[in-house]
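Here's the letter readout for the chains.
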Amino acid sequence: MSERFTKAAARNIFYGGSIFFFVVFVGLTAQTDHYIRKTSASDSGLTDGVRRGKHVWEKNSCINCHTLLGEGAYFAPELGNVWVRYGGREDAQSAREGLTAWMRSQPSGVEGRRQMPDFHLSDQEINDLIDFLEFTAGVNTQGWPPKTSG
């Protein structure tokens, strides 16, 4: 019996390994697709206000300072859970009023504090942005951020 590595053996290992890892790749792709479909929220929460609020978020480049669900700049607070921090799950109306008052009071003029610019948002834009922030608070983030404080 010959103890050398033949071309046929190398070819069989190559093709066998390629087929094996292709099957693993297809299986993992199917599992990922199933997981995403099972854990993703339906489009039922995407109202026109949420869509307009995302447009306000993008138009004013809020992500240049804030993070949203861990994505963005770390200059200003995380806003993915601001709805929860303002008590939106317990009292939605009070949370909405608090967020509206906060946005209208910017820039606050407090000495030594970084200032959020005044974007001159209309009442409709503020409400839409709050709708968007309320929607993001309902996203299943699997425990992110680790603290409610953001």
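For every chain, the first residue of its written sequence is number 1, and the numbers climb from 1 along that sequence. At least 70 in pLDDT is required for a residue's local features to be given in this predicted model, at least 80 for side-chain atom pairs to be given and counted, and no such filter applies to totals for whole chains, interfaces and linings, which use all residues. To get the side-chain values, take all heavy atoms of the structure and skip hydrogens and water.

Draft legend 1. Main features of the overall build of the chain. Secondary structure elements are defined from DSSP: runs of H or I of at least 4 residues count as helices, runs of E of at least 2 residues count as strands, and each element is numbered from the N terminus. Along the backbone of the chain there are five helices and two strands. The helix and strand sequence of the chain, counted from the amino end, reads α-α-β-β-α-α-α. Here the chain has a C-alpha radius of gyration of 25 Å; the compact-globule value for 150 residues is 15 Å, and the former is much larger. Along the first, second and third principal axes, the C-alpha set of the chain runs to 85 × 40 × 30 Å. Counting every position in the chain, which comprises 150 residues, the buried fraction comes to 25%. Only heavy atoms matter for contacts: two residues are in contact if any of them lie within 4.5 Å across the pair. Of the contacts formed within the chain by residues at least 6 apart in sequence, a portion of 52% connects residues at least 24 apart. Accessibility throughout is a Shrake-Rupley quantity obtained with a 1.4 Å probe, and a residue counts as covered only by protein chains that appear here. Total accessible area computed for the chain in this model is approximately 10,800 Å², and 58% of it derives from carbon and sulfur atoms. Positive charge is attributed to Lys and Arg, negative charge to Asp and Glu, and no charge count is given to His or to the chain ends. For the purpose of locating charges, the reference atoms are NZ of Lys, CZ of Arg, CG of Asp and CD of Glu. For the chain, the centre of its 16 positive side-chain charges and the centre of its 17 negative side-chain charges are spaced 11 Å apart. Throughout, radius of gyration means the C-alpha value; the globule benchmark is 2.2 Å times the number of residues raised to the power 0.38. When accessible area is computed with a 1.4 Å probe and restricted to protein chains, residues below 20% of their type maximum are described as buried, those above 50% as exposed, and intermediate ones as partly exposed.

Draft legend 2. Expanded view of helix α5 (residues 123-137). Here α5 spans 21 Å end to end across 15 residues, near enough to the 21 Å set by a 1.5 Å rise per residue. By the burial criterion, the buried members of α5 are E125, I126, D128, L129, I130, F132, L133, T136 and A137. On its buried side, α5 packs onto α2 (48-59), β1 (67-68), α3 (82-85) and α4 (92-104). Take the number of residues in a helix, subtract one, and multiply by 1.5 Å to get its expected span.

Draft legend 3. Expanded view of the state of the cysteines. Any two cysteine sulfur atoms within 2.5 Å of one another count as a disulfide. In this structure the tally under the stated criterion is zero disulfides. Left without a disulfide partner, C62 is nearest to the cysteine sulfur of C65, which lies 8.4 Å away. Given the relative accessible area of 12%, C62 is considered buried. Taking the relative accessible area as the measure of exposure, C65 reaches 31% and is therefore partly exposed.

Draft legend 4. Highlighting the packing of aromatic side chains. To pair, rings of Phe, Tyr and Trp, with the six-membered ring standing in for Trp, must have centres within 6.5 Å; the planes then decide the type, stacked if under 30 degrees apart, edge-to-face if over 60, and tilted in the middle. One pass over the structure, following the stated rule, counts three aromatic pairs. The interplanar angle of 65° and the centroid separation of 5.3 Å between the aromatic rings of F14 and Y15 together place this pair among those described as edge-to-face. A relative accessible area of 47% means that Y15 is categorised as partly exposed. Ring plane angle 50° and centroid distance 6.0 Å describe the contact between W57 and F132, whose orientation is recorded as tilted. One end of the pair, W57, is in helix α2; the other, F132, is in helix α5, with 75 residues separating them in the sequence. Accessibility assignment for this pair places W57 and F132 in one class, buried.

Draft legend 5. Looking closely at the side chain of E125. Take E125: it is sitting in helix α5. For E125, a relative accessible area of 19% corresponds to the buried category. Any N or O atom pair separated by 3.5 Å or less is treated as a polar contact, with the protein-specific requirement of one donor-capable and one acceptor-capable atom, and with residues adjacent in sequence counted only for side-chain atom pairs. Among the polar contacts made by the side chain of E125, one reaches the side chain of K59 at a distance of 2.7 Å. Within the local environment of E125, its side chain forms a polar contact with the backbone nitrogen of S122, the two atoms lying 2.9 Å apart.

Draft legend 6. Spatial organisation of unusual backbone geometry. Of the consecutive residues Q106 and P107, the connecting peptide bond is found in the cis state with omega at -5°. Inspection of the secondary structure puts P107 in the loop between α4 and α5. The phi dihedral of S61 is positive, around 55°, even though this residue is not glycine. Checked against the element boundaries, S61 lands in the loop between α2 and β1. Positive phi outside glycine occurs at L69, with the angle close to 55°. Inspection of the secondary structure assignment puts L69 in the loop between β1 and β2 (71-72).

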